[in-house]
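Tertiary structure, described
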Amino acid sequence: MSDKEAALANLQKIQAEGLAALEAVTEQEELEAWRVATLGRSSPVMGVFSSMGAMDQDLRPVMGKAANEVRTTLEAAFEAKRAALEEAALLKELETEKLDVTLPGRPVERGRLHPLTQVLRRIIRTFGDMGFQVYRSPEVETDDYNFTYLNMPPYHPARDMWDTFYTKDEGVLLRTHTSGGQIRVMRERAPEPIRVILPGTTMRYEQLSARSEIEFAQVEVLVVGEKVTFAELKGTLEDFAKRLFGEEARTRLRPSHFPFTEPSAEMDVECFVCGGKGCGVCKETGWLEILGCGMVHPVVLENGGYDPARYSGFAAGMGIDRSTLMRYRIDDIRHFRNNDIRFLRQF
Amino acid sequence: MKVPLTWLKDYVDLDDLGIEDLAKVMTMVGLEVEEIHLVGLPLPEGDRHEFKYTGLPWPADKFIVAQVDEVLPHPNADRLVLCRLNDGKEEITVLTGAPNLYDYKGKGPLDEPLKVAYAREGAELYDGHQPGYQLTMLKRMKIRGVESFSMICSEKELGLTEAHEGVILLDADAPTGMPLADYMGDAVFDVDTLPNMVRDASVLGMAREIAAATGKELHYPDDSLEMAGPALEGRVGLEIMDPELNPRFMLGMLEGVAIQPSPYWVRRRLSLAGMRPINAVVDATNYVMLEIGEPLHAFDYDILVERAGGKAPTIITRTAEDGEKLTTLDGAEHTLDSNMELVTDTAGVLSLAGVMGGEESEVNDQTCNVLLEGASWNFINIRKTVSKLKITSEAAYRFSRGIHPALAELGLRLCLKRMQEWGGGTIAQGLIDHYPNPPEDPLVEISVDWVDNNLGVAISPDEIAKILTRLEFECSVDGDTVTAKTPQHRLDIHDGLIGRADLLEEISRIYGYDKIPSRRLNQPLPPQRMSQEMAMEDTLRDLLVNLGLQELIAYRMTAPGREARRFPPDYAAPEVDYVEIQNPITVDRRVMRRSILATMLEILEYNSTLSERLAMFEIGPVFHPVAGQQLPDEKMMLSIGLTGLRSMPTWQKDKPEIVDFYDLKGVVEGMLAGLHIDNVTYAAGEDPSLHPGKTADVLVDGEKVGVMGELHPLVKANYELGDAPVYVAEFALAPLVGKAKILFDVEAIPTYPPVLEDLAVVVADDVTAAQVEEVIRRGGGEYLAKVQLFDIFKGKQVGEGRKSLAFSLTYIAPDRTLTDKEVSKLRQKVIFLLGKELGAELRS
Ligand SMILES: [Zn+2]
């Protein structure tokens, strides 16, 4: 074996031994010791470099290149090992840092709109998209606006449909429906065309119970213009029902009677609790009554300042509390105004 | 109103229409069916029913018309009898305890067998001995040694009425062996008749609607009379004092009538319609009222003669004298006034016209000759009387809604006929009829165009005429115009334009709402207007929700005493006017609220034990009466309430702190900032409900817009509110809306780096942070972009009666980086001003 061969063999041995020793390293401290021993100043491979000066002139480049390769290999192996050990150490550490993810989060109390406001907003938005504007009228109202101008003069039998709270002031009452606002908006806007909705609180004289309230929210819809027809009433309210109850919602209009509309109708929507099969909520009919509507009565148009020979219109009124109650299967209508925090937090 | 199917069938042929389909027809023509009570008939086929059904079916093999040929005593029991019964197939001995069979016991074979409703073994029926309606099945058993397996039924057992005193005795012509359901099965439709559809508050009225909707023929009841008695003329006088109140009054007479039960089918119909059978005479008046909607009144003629001193009585209709008294047949005594219409005779008051009869002249067990009244009354007058005297009756229900005078005649004739059929006797020759004030039955013209422009569908003149004719309008067609004369059974059709609307309703509902097309609005949009006020309310709601608050919607009705709780006990609250409710539901809700704060405190109280943290707001009106103004001011207000923990407690160790004044202030600041309201200042304020040292007025441009603070401990003691202090704020919305900005300037994001520095000064305790900040801002000038208080310190180091306030200051110039020298100069100016104006010293 020549000197050259012996020297190269020695380098191969240094590399093989170094890699073998690295293989056995499992801790980061051992790795540092390995580095000092294998790549440090007094390591065998460095020994090769320092003995180079004593070598044959011919041999030097060959040996230098070979020694560099060995050192690079060992260094690369060291880096790989270091990364592996670090990752192992991190994984070990992560293992000790395990959280009980089932513990509850730190509560952030979120604010909420009252459920009736939430429903009301959906209704207002839906009609808003169809060009309707919101109009507000007083809650304490005159008998004239609440009844007389709506084609219910004193002692009209239809007044029986509303149990009324009267105030101690002659001719002043708590409005029984939002319809009184119809006349107010017409008188303000005549002869402009009208497309408004009138949301608000209304009051009726009833015994308070789980099923009946004395104060409740209503929304009135009013359209006045030239050649406004029953067909448009139907189309508008059907569109509204689809927006509120879903594209699939089936509706029907059936004749009814209100003194301030003629013809009058009630709109039923297929029961959203049972899907129309019949249940307790829809009283086994498969239908839920959601609103009353009709073509504005000529007397009402006239009282509002519109010539009924030229103008026509339609109106609709719906209670919000009851339909919200049905929708969420709420057991007691009084929850809405008792404001029990345990109830409100569920919305 | 409850309408039996078999009764409807008297006037319109419904054999081809199932119960469910019929109910749909009724609903879609405006007669809303709320429930269908099945009497013996099976539930309609199909798995989807659109109506609620109740009741009991009578299968044909289990429930039979049978006859009892002999009633025998029971060998071992006095209170039981054995009936020899024939069900058309075989003879059976049936055991029963029905008291109405005792009379026949031991009489041998009966000449006229008793017709009964017989239930065979295995029949399911209601248990007559249990309260309510509990199903039971007939089984074979031995009662006192006699085998029993079937039953003769009572009304209750069959689900007809509550009656269980005896078994049903059917009319003698009931065919033995016929399935009971075929003989008397029925379905009762419970129809919600609206107050202004009184024309439909009768079986004939409903039959008319059904006939019109289905194109079937309507059969009027036969009102032909055999008047075999002596003439009525001369035997009773009649005077109408006020034709305005009493447009028509008619009399007829039936002599020699027997006060006996009506036939069973009549009693059953009345029961099913919800009316208690009494006797043939009373039943006939009730029957005809239900049949055609005309209430009638029967007098005992002999009592009237007696009251007239043995002479022919004279009926006088007039208004009462003030203070006149009448005891009605329900036993109540009424004091009358001069607006109330009466039927009287020369001796005094007989009845409250159209409402209720008096006790004295009523038909009774001894009555033999009946004088029958068929009349028409002014409905507004009847309504006034009813509402003043607070009495109701079936007659008043109808007369107070307007009954056409033409019905008086039909009603009188039908009632005489039925009384005679059911109670015997002879009808006196001739009717007395005073008709001083017949209504004008309007003639209305309606064109095809008008219909199209209002309904959105072109209906031909012939079809319009056909529809109206089915409702008994007399129609003529001229080109595109139909002229319709109102039939003589309704008063709800008007003249002219209103009449056209009335006809539109009739045309559209008979034509069918489902056949009218649906279209979107295509009219021009009205001018778009926005309510700044309502838009801002919505913004405010969103802001407060984002700040973590729960919205409330509260009752408007309250009581002055409830609102007074928001003041300390010895506080002399100023006298205020409320909107007072004349007919409150409870004394606790007898006025409209004036204070939104009082509402908030009540809701905090209600919830105080339900949550460790409460953060709420309400936007709503309060009602302030204003002198000389008919309606009160409805002022929109905002209330905020905070109490309890700053955040909800959790499993983590640190217990959240309880909220303080500055939590509330943070909410208020956040809200005002969200509305882009500038120039907000806070000043120590005063409010009777609030802690004197912890109250702030909120000012915008120096004008007070609200108040906030800690609830006064004495006020808090008025409520059950827990230990933590309560913080509330109250704002009137109008000024906030006025100050809020929709448009505002956005500041440029600075390009050059800011210079930050801290400044700590020592001032006297009574100098406020706001005062110091104001001076700093003034001294710092335009380059001082931000001033933030970050520490307050009191203690020996700064001296007695003094405090240290530390601020962090941010200087920025828009066009360059500020030099140290520039900043230092500004700082010197700030320190100088603080020293000069507030006696502040720089803290070392
Ligand atoms: Zn349902």
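Everything below is about the structure printed above this text.
**A look at the overall build of chain B**
Each helix and strand in chain B was counted, giving 22 helices and 43 strands. Taken over C-alpha atoms, the radius of gyration comes to 42 Å for chain B, far larger than the 28 Å a tight globule of 844 residues would show. Summarising its shape, the C-alpha atoms of chain B cover approximately 130 × 75 × 60 Å along the three principal directions. Counting the 844 residues in chain B, one finds 53% classified as buried. Across chain B, contacts joining residues at least 24 apart in sequence account for 68% of those joining residues at least 6 apart.

**Considerations on empty space enclosed by the protein**
Counted by the stated rule, this structure contains 8 cavities of 30 Å³ or more. Roughly 120 Å³ of volume is contained in the largest cavity. Lining of the largest cavity is provided by 14 residues; of these, A:V296, A:P298, B:W450, B:N454 and B:A501 occupy positions nearest its centre. Sorting the residues of the lining of the largest cavity by element identifies strand 8 (287-296), helix 9 (298-303) and strand 9 (311-319) of chain A together with helix 12 (448-455) and helix 14 (496-511) of chain B as the ones contributing at least two each. Here the residues of the lining of the largest cavity are counted per class, giving 10 nonpolar, 3 polar and 1 charged.

**Details of the packing of helix 2 (residues 28-39) of chain A against helix 4 (residues 59-96) of chain A**
Residue and element names in this part refer to chain A. Running from N to C, helix 2 and helix 4 point in directions that differ by 175°, and their axes come no closer than 10 Å. When the axes of helix 2 and helix 4 are compared, the pair comes out roughly antiparallel. Residues Q28, L31, W34, R35, T38 and L39 of helix 2 form the contact with helix 4, whose own contacting residues are R71, L74, E75, F78, K81, R82, L85, E86 and A89.

**Re the coordination of the zinc ion**
Residues and elements named next belong to chain A. In this structure, C271 (SG), C274 (SG), C279 (SG) and C282 (SG) serve as the protein donors to the zinc ion, at separations of 2.2 to 2.3 Å. Around the zinc ion sit 4 donor atoms; with metal-centred angles ranging over 102 to 113°, the donor geometry is tetrahedral. A relative accessible area of 1% means that C271 is categorised as buried.

**Some words on the layout of surface pockets**
All names here are of chain B. The calculated volume of the second largest pocket comes to roughly 1,500 Å³. K665, E669, Y682, A769 and A770 are the residues nearest the centre of the second largest pocket, which is lined by 37 residues in total. The two domains that each donate at least three residues to the lining of the second largest pocket are domain 5 (532-739) and domain 6 (755-842).

**Thoughts on the pattern of salt bridges**
With the rule as written, the count across this model stands at 81 salt bridges over all chains. A salt bridge links A:D321 to A:R337, with the nearest nitrogen and oxygen atoms 2.7 Å apart. Residue A:D321 is found in helix 10 (residues 320-327), and its partner A:R337 is found in helix 11 (residues 335-338); the two are separated by 16 residues along the sequence. The burial state of A:D321 is the same as that of A:R337; both residues are buried. Here the salt bridges do not stand alone but share partners, grouping A:R250, A:R252, A:R254, A:E266, A:D268, A:E270, A:E289, B:E32, B:R48 and B:E50 into one network.

**Things to note about the sheet that holds strand 39 (residues 726-732) of chain B**
Residue and element names in this part refer to chain B. One open sheet holds the 7 strands; their spatial order is 31-34-35-39-38-37-36, and the pairing between them is mixed. Looking at strand neighbours, the two that pair on one side only are strand 31 (550-552) and strand 36 (680-684), the edges of this open sheet. Across this sheet, the average inter-strand angle for adjacent strands is 20°, counted without regard to direction. Sheet analysis places strand 37 (residues 690-700) next to strand 38 (residues 703-711), joined by 7 bridges and oriented antiparallel. Within strand 38, the residue paired with T695 across the bridge is G709.

**A look at the nonpolar core**
Grouped burial of nonpolar side chains is what soluble globular proteins tend to show. Residue and element names in this part refer to chain B. Grouped together as the largest cluster of nonpolar side chains are 191 residues, with contacts concentrated most on L8, I36, F189, I315 and L371. With 9 residues, helix 11 (residues 406-423) is the single largest residue contributor to this core. With near-sequence residues (within four places) excluded, L371 lies in contact with L232, V236, L251, G252, M253, H297, A298, F299, Y301, L304 and I315. Counting 35 residues, the second largest nonpolar core, distinct from the first, contains V668, L672, Y727 and A740.

**Focus on the packing of helix 1 (residues 3-24) of chain A against helix 4 of chain A**
Residues and elements named next belong to chain A. Between helix 1 and helix 4, the shortest axis-to-axis distance is 10 Å and the interhelical angle comes to 5°. With respect to each other, helix 1 and helix 4 are oriented roughly parallel. Where helix 1 approaches helix 4, its residues K4, A7, L8, L11, Q15, G18, L19, L22 and E23 are matched on the opposing element by L59, V62, M63, A66, A67, V70, T73, L74, A77, F78 and K81. Classifying every residue of the contact of helix 1 with helix 4 gives 14 nonpolar, 3 polar and 3 charged.

Rules and cut-offs
- Residues numbered from 1 in each chain as written.
- Chains lettered and ligands numbered in written order.
- Predicted model: local features only at pLDDT ≥ 70, side-chain atom pairs only at ≥ 80, totals over all residues.
- Heavy atoms only, no water.
- Helix = DSSP H or I, 4+ residues; strand = E, 2+ residues; numbered from the N terminus.
- Rg over C-alpha atoms; globule rule 2.2 N^0.38 Å.
- Buried < 20%, exposed > 50% of the residue type's maximum accessible area, 1.4 Å probe, protein only.
- Contact = heavy atoms within 4.5 Å.
- 1 Å grid on protein atoms, 1.4 Å probe; cavity = no way out; pocket = protein on both sides within 12 Å on 5 of 7 lines; lining within 4 Å.
- Points joined across faces, edges and corners; volume = space filled by probe spheres on them.
- Nonpolar A, V, L, I, M, F, W, Y, C, P; charged D, E, K, R; others polar.
- Axes fitted to C-alpha atoms, helices over the stretch in contact; angles between N-to-C directions.
- Parallel < 35°, antiparallel > 145°, perpendicular 65-115°, else oblique.
- Donors = N, O, S within 2.8 Å, 3.2 Å for Na, K, Ca; no water.
- Tetrahedral: all angles 85-135°; square planar, octahedral: opposite > 155°, others 65-115°.
- Domains from an automatic or database assignment.
- Salt bridge = Lys/Arg side-chain N within 4 Å of Asp/Glu carboxyl O.
- Pairing = 2+ DSSP bridges.
- Core = buried A, V, L, I, M, F, W, Y, C linked by side-chain atoms within 4.5 Å.

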